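Descriptive analysis of the structure
Each chain is listed here by its residues.
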Amino acid sequence: MSVSSREPIRILYVGDDPDFADLVAGTLEREDERFAVATVTNPETALDRLSEDVDCVLSDYEMPGTNGIELLDAVRERHPDLPFVLFTGNGSEAVASEAISAGVTDYLQKRSGTEQVESLANRITNAVEQSRTRSRARKQHRINTVIREINQALVHATSSERINQRVCEIFATADPYQLAWVGEVDPETDRIVPQASAGEDEGYLDEITVTADHDPTGQGPGGIAVREDRVAVSQNVREDEAFVPWREAALERGFLSTAAIPLSYDDRQYGVLVVYADRLGAFDESERALLAELGYTIAHAHHRLDLQSQFEDQYQELFEEAPVMFLFTREADGEPIIEDCNVRFAETLGYAREELYGRPLAELYTEESATKLLEGGGYERALSGEFEQERRELVTRDGAHVTALLRASPRRNREGDVVGTHALFVDITDQARLETLEALRERMEFALEATDSVL
């Protein structure tokens, strides 16, 4: 028999004759070593067993009080994609037509002989492998969609809090995930404290305690993921002994499996992402690999924000302590408006910084310099990045003039759009300051390039 997979195939046979059921189970298991056949004689019991790992239902047609079509309808309501093979002694066209209309996966009439066994085994194998192929494709599409949406969110995230919240929201709205939360370890208590969450919580996070130590509350996926820095899962909350501390609360909310993903990058752990699903075995090996990669991507986004924050701190320090006059403008109807300035700029002109916020820059220029700024294309050149060094005459509060050497460059927001300019003024009354300009300009432009700040 040519097969594409050696995964076990778990079959549930439903028939009212126990002896015949045992015969079918034994014959199929001998035919293919991958088969594991469980038998039940009561259709209601069969429906209960579907919550376990079942790859295919094999059902008789005629049973007391019901028939295989009615059982098929009930199975389809709960598990619309589960392979269902009708195996019956009643081979009328009416039964076959009814079975096909009801969505049976395959239909086979009982006959004696080895060819019948081989045919039944082949049909079950084909049904299961086709179902698995479709399931893998759906799962791949689902997780790829989640990854794509998270990657888009990470690009635009401006804080670690926003990263965590959006990741949780995206997971919680994707089937089969029900709840997602991100936690960080409290170093004093070893408790993993939720920082963000989304989904069907219903008080779950308030009710449970998860730790990163070796206590029972640290033996679940969350604790293992933190301690061992790897994706950890519980594929069956009902039977996983390590999940006992949270089992009752989880089952009350329909959580049947869970995965915890460490958010680690460059030897630093930014927390742990914990995701719950409403079905057993939701986190197979391929999905765990994708989640591990996603955890790395999320952690890298946190790392990027850390670096950006460091650059911005350094930039702010440089901005405030620069030995030159420095300001930001925003563009309004082609005119530069002062967005911010350092203390040296304000004090040189005799103002408090707050007095200059929102004021048109041209009001601080002499008439000749204002003309160069607005009518001579000075501001347009600065916005386009074509501005070189030029002299400007500034006017102080008491009417005195300050001759300055100006260098201006575009100021961009986080999306890369030009929103104004950076402007450096060097008071060239003191010629010694000219020597400072070029070295300082390089430092300032490096900081600006690294942060794309919109201060």
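Residues numbered from 1 in each chain as written. Predicted model: local features only at pLDDT ≥ 70, side-chain atom pairs only at ≥ 80, totals over all residues. Heavy atoms only, no water.

1. Details of the overall build of the chain
- Within the chain, the secondary structure is distributed over 15 helices and 17 strands.
- Relative to its 455 residues, the chain shows a buried fraction of 48%.
- For the chain, long-range pairs separated by at least 24 residues make up 58% of all intrachain contacts whose partners lie at least 6 apart in sequence.
- With the model as given, the accessible surface of the chain reaches about 22400 Å², and the carbon-plus-sulfur share is 44%. (Helix = DSSP H or I, 4+ residues; strand = E, 2+ residues; numbered from the N terminus. Buried < 20%, exposed > 50% of the residue type's maximum accessible area, 1.4 Å probe, protein only. Contact = heavy atoms within 4.5 Å. Areas by Shrake-Rupley, 256 points an atom, 1.4 Å probe, with all protein chains shown as cover.)

2. A look at the pairing of strand β13 (residues 325-332)
- When β13 meets strand β17 (residues 418-427), the two strands line up antiparallel, connected through 6 bridges. When the sheet's bridge partners are listed, F328 is paired in β17 with H422.
- Where β13 lies against strand β14 (residues 335-341), 6 bridges are found, and the strand directions are antiparallel. Residue pairing for β14: E331 is matched across the bridge by P336.
- Connecting the antiparallel pair β13 and β14 is a turn made up of 2 residues, with D333 showing a positive phi of about 55°. (Pairing = 2+ DSSP bridges.)

3. Observations concerning the sheet that holds strand β9 (residues 192-199)
- Taken in spatial order, the 5 strands make up an open sheet running β9-β8-β12-β11-β10, and their pairing is antiparallel. Each edge of the open sheet carries a strand with a single partner, namely β9 and β10 (232-234). Strand after strand, the sheet turns through a mean of 20° between neighbouring axes, direction not considered.
- Here 3 bridges tie β10 to strand β11 (residues 257-265), and the two strands are oriented antiparallel to one another. Looking at the pairing, S234 lines up with T258 of β11.
- Those strands touched by helix α6 (residues 160-172) are β8 (177-185), β9, β11 and β12 (268-277), and its axis lies near 50° from that of β9. (Axes fitted to C-alpha atoms, helices over the stretch in contact; angles between N-to-C directions.)

4. As for the sheet that holds β13
- Within the open sheet, the 5 strands sit side by side as β14-β13-β17-β16-β15. Their pairing is antiparallel. Sheet topology places β14 and β15 (390-395) at the edges, where each strand pairs with a single neighbour. If you compare each strand with its neighbour and ignore which way they point, the axes differ by 40° on average.
- Of the strand pairs in this sheet, β15 and strand β16 (residues 401-412) are connected by 6 bridges, and their pairing is antiparallel. Bridged to V395 within β16 is H401.
- Here helix α13 (residues 367-374) sits on the sheet in contact with β14 and β15, set at roughly 130° to β15.

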